[in-house]
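Structure assessment
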Amino acid sequence: LQPTALVNEAYLRLVDATKVEWQGRAQFLALAGRSMRQILVDHARARDAAKRGGDRVRVTLVDDTGGVRGPQELDLLDVDEALEELAALDARKAKVVELRFFAGLEMREIAEVLRVGTTTAEDDWYFARAWLRRRLGGAT
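What comes next is a walk through the structure. (Residues numbered from 1 in each chain as written. Predicted model: local features only at pLDDT ≥ 70, side-chain atom pairs only at ≥ 80, totals over all residues. Heavy atoms only, no water.)

In this section: the overall build of the protein chain. Broken down by element type, the protein chain carries six helices and two strands. Of the regular secondary structure in the protein chain, the N- to C-terminal order runs α-α-β-β-α-α-α-α. Here the protein chain holds 140 residues, and 38% of them are scored as buried. Nonlocal contacts in the protein chain, meaning residues at least 24 apart in sequence, comprise 57% of its contacts between residues at least 6 apart. Of the roughly 8400 Å² of accessible surface on the protein chain, 50% is carried by carbon and sulfur atoms. (Helix = DSSP H or I, 4+ residues; strand = E, 2+ residues; numbered from the N terminus. Buried < 20%, exposed > 50% of the residue type's maximum accessible area, 1.4 Å probe, protein only. Contact = heavy atoms within 4.5 Å. Areas by Shrake-Rupley, 256 points an atom, 1.4 Å probe, with all protein chains shown as cover.)

Our next topic: a nonpolar patch on the surface. Together, Y11, L12 and V15 make up a nonpolar patch on the protein surface, roughly 320 Å² of accessible area in all. Along the chain, the position of L12 falls in helix α1 (residues 3-15). (Patch = residues over 30% accessible without salt bridge, like charges linked within 9 Å, V, L, I, M, F, W, Y side chains within 5 Å. Salt bridge = Lys/Arg side-chain N within 4 Å of Asp/Glu carboxyl O.)

Turning our eyes to something else, we now look at the pattern of salt bridges. Summed over all chains, the structure comprises ten salt bridges. Here E98 and K95 are joined by a salt bridge, their closest N and O atoms 3.0 Å apart. Residue E98 and its partner K95 are both found in helix α4 (residues 91-101); the two are separated by three residues, about one turn of the helix. A relative accessible area of 2% means that E98 is categorised as buried. One connected set of salt bridges, linked through shared partners, spans R34, R37, D80, E84, K95 and E98.

Bringing the nonpolar core into the picture now. Soluble globular proteins: nonpolar side chains tend toward being buried together. Core analysis: the biggest nonpolar cluster contains 35 residues, and L83, L86, V97, I110, V113 and L132 have the highest contact counts within it. When contributions to this core are tallied by element, the ones reaching two or more residues are α1, α2 (25-51), α3 (76-89), α4, α5 (107-114) and α6 (118-135). Tallying contributions element by element places α2 first for this core, with nine residues. (Core = buried A, V, L, I, M, F, W, Y, C linked by side-chain atoms within 4.5 Å.)

The terminal C-alpha atoms of α6, which comprises 18 residues, lie 25 Å apart, in line with the 26 Å expected from a rise of 1.5 Å per residue. For α6, every residue scored as buried is listed here: A121, D124, W125, A128, R129, W131 and L132. Projected onto a plane normal to the axis of α6, the buried residues spread over an arc of 165° and lie on a single side. Turned more than 90 degrees away from the buried face of α6 sit T119 and R134, all of them exposed. If you follow the buried residues of α6, they end up packed against α3, α4 and α5. Phi turns positive one or two residues past the end of α6, at G137, with a value near 80°. (Expected span 1.5 Å × (residues − 1). Arc of directions from axis to C-beta.)

If you want it as C-alpha cells, here you go:
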C-alpha cells in the first residue's frame, strides 16, 4: 500500500464521515490516525486471507530516541493486536502510539490532541513503547 493511496483512502473515509461534528484540528488528527491504522490493518488482513497467511504485511518502526539499534520490522497485525491489548489497559497510552506511528505526530501535537501536557504525553509514549517492546518480544 503506497503512502499516497493510504492518505487518499483516509481522506475519503474522513470526508464520508457525515455524522461527525468536527470540533477542531485535534479531533481531525486523532480520527485521521485511527483511520490510517484501520486501513493498514484491513489491507493486511485482506492480503493474509488472499494468501492464506503466507505473506503478512511488515512495517518498520524506527526508534527515534537516538539509540544505536536500527529499524526493526514488525508484523502489522501483531502490532494492532498488541495495541488493542494496551488500549484495554490504558486507552490514552494506546492513542499516543496510534498518533505517533500512524498519524506521524510530534509529542507537542499529541499532547494537544489528547489535551494533556507534553510531559504526560512523553511519559505515556515511553511507557507504551516499553510495554510494546516486551509484548512484541523486544522487536520495537
